[in-house]
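Working through the structure, step by step
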Amino acid sequence: LAGGEQQRVAVARAFVHQPRILFADEPTGNLDAATAARVMDLLFALNREAGTALLLVTHEPELAARCGRRIRLQAGTPLPAFASPDQALGDAAA
């Protein structure tokens, strides 16, 4: 199976037992943009339909923006909710 097909199978397998929480660590990390979009559409659709809580780890701001709640970390420490990417980078440079 191609990378995108493998990811879709993994998403389906993750939802088959109807978990209350699904952990997804960089679910699109090795995929091209079009395939990543399809995989994430599937993941969010299944999330909505099954009512499963989704804990998603990503470095992609566009993907994070699709989430209802975001917690940004820097060096393992949560950043204030109001911190912008520029503020976070400024803090890291200090």
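Anyway, here's the lowdown on the structure attached to this text.

**Considerations on the pairing of strand β2 (residues 53–57)**
Bridging between strand β1 (residues 21–25) and β2 involves five bridges; their strand directions are parallel. Directly across from Leu 22, in β2, lies its bridge partner Leu 54. Note on the crossover from β1 through helix α2 (residues 33–50) to β2: the handedness is right-handed.

**Some details on the pattern of salt bridges**
Applying the stated rule across the entire model yields one salt bridge. Between Asp 41 and Arg 66 there is a salt bridge, with its nearest N and O atoms 3.1 Å apart. Placement of the pair is Asp 41 in helix α2 and Arg 66 in the loop between α3 (61–65) and β3 (73–74), with a sequence separation of 25 residues. Taking the relative accessible area as the measure of exposure, Asp 41 reaches 40% and is therefore partly exposed.

**Some remarks on α2**
Its 18 residues place the ends of α2 25 Å apart at the C-alpha level, agreeing with the 26 Å of an ideal helix rising 1.5 Å per residue. Looking at α2, one finds that the buried residues are Thr 35, Ala 36, Val 39, Met 40, Leu 43, Phe 44, Ala 45 and Asn 47. The positive-phi residue at the C-terminal boundary of α2 is Gly 51, with phi of around 70 degrees.

**Focus: the nonpolar core**
Counting residues in hydrophobic clusters, the biggest one holds 13 residues, and the most contacted among them are Val 11, Phe 15, Met 40, Leu 43, Phe 44, Leu 56 and Leu 63. Mapped onto this core, the elements with two or more residues apiece are α1 (3–15), β1 and α2.

Reading the values: rules and limits
- Residues numbered from 1 in each chain as written.
- Predicted model: local features only at pLDDT ≥ 70, side-chain atom pairs only at ≥ 80, totals over all residues.
- Heavy atoms only, no water.
- Pairing = 2+ DSSP bridges.
- Helix = DSSP H or I, 4+ residues; strand = E, 2+ residues; numbered from the N terminus.
- Right-handed = clockwise from strand over helix to strand, strands pointing away.
- Salt bridge = Lys/Arg side-chain N within 4 Å of Asp/Glu carboxyl O.
- Buried < 20%, exposed > 50% of the residue type's maximum accessible area, 1.4 Å probe, protein only.
- Expected span 1.5 Å × (residues − 1).
- Core = buried A, V, L, I, M, F, W, Y, C linked by side-chain atoms within 4.5 Å.

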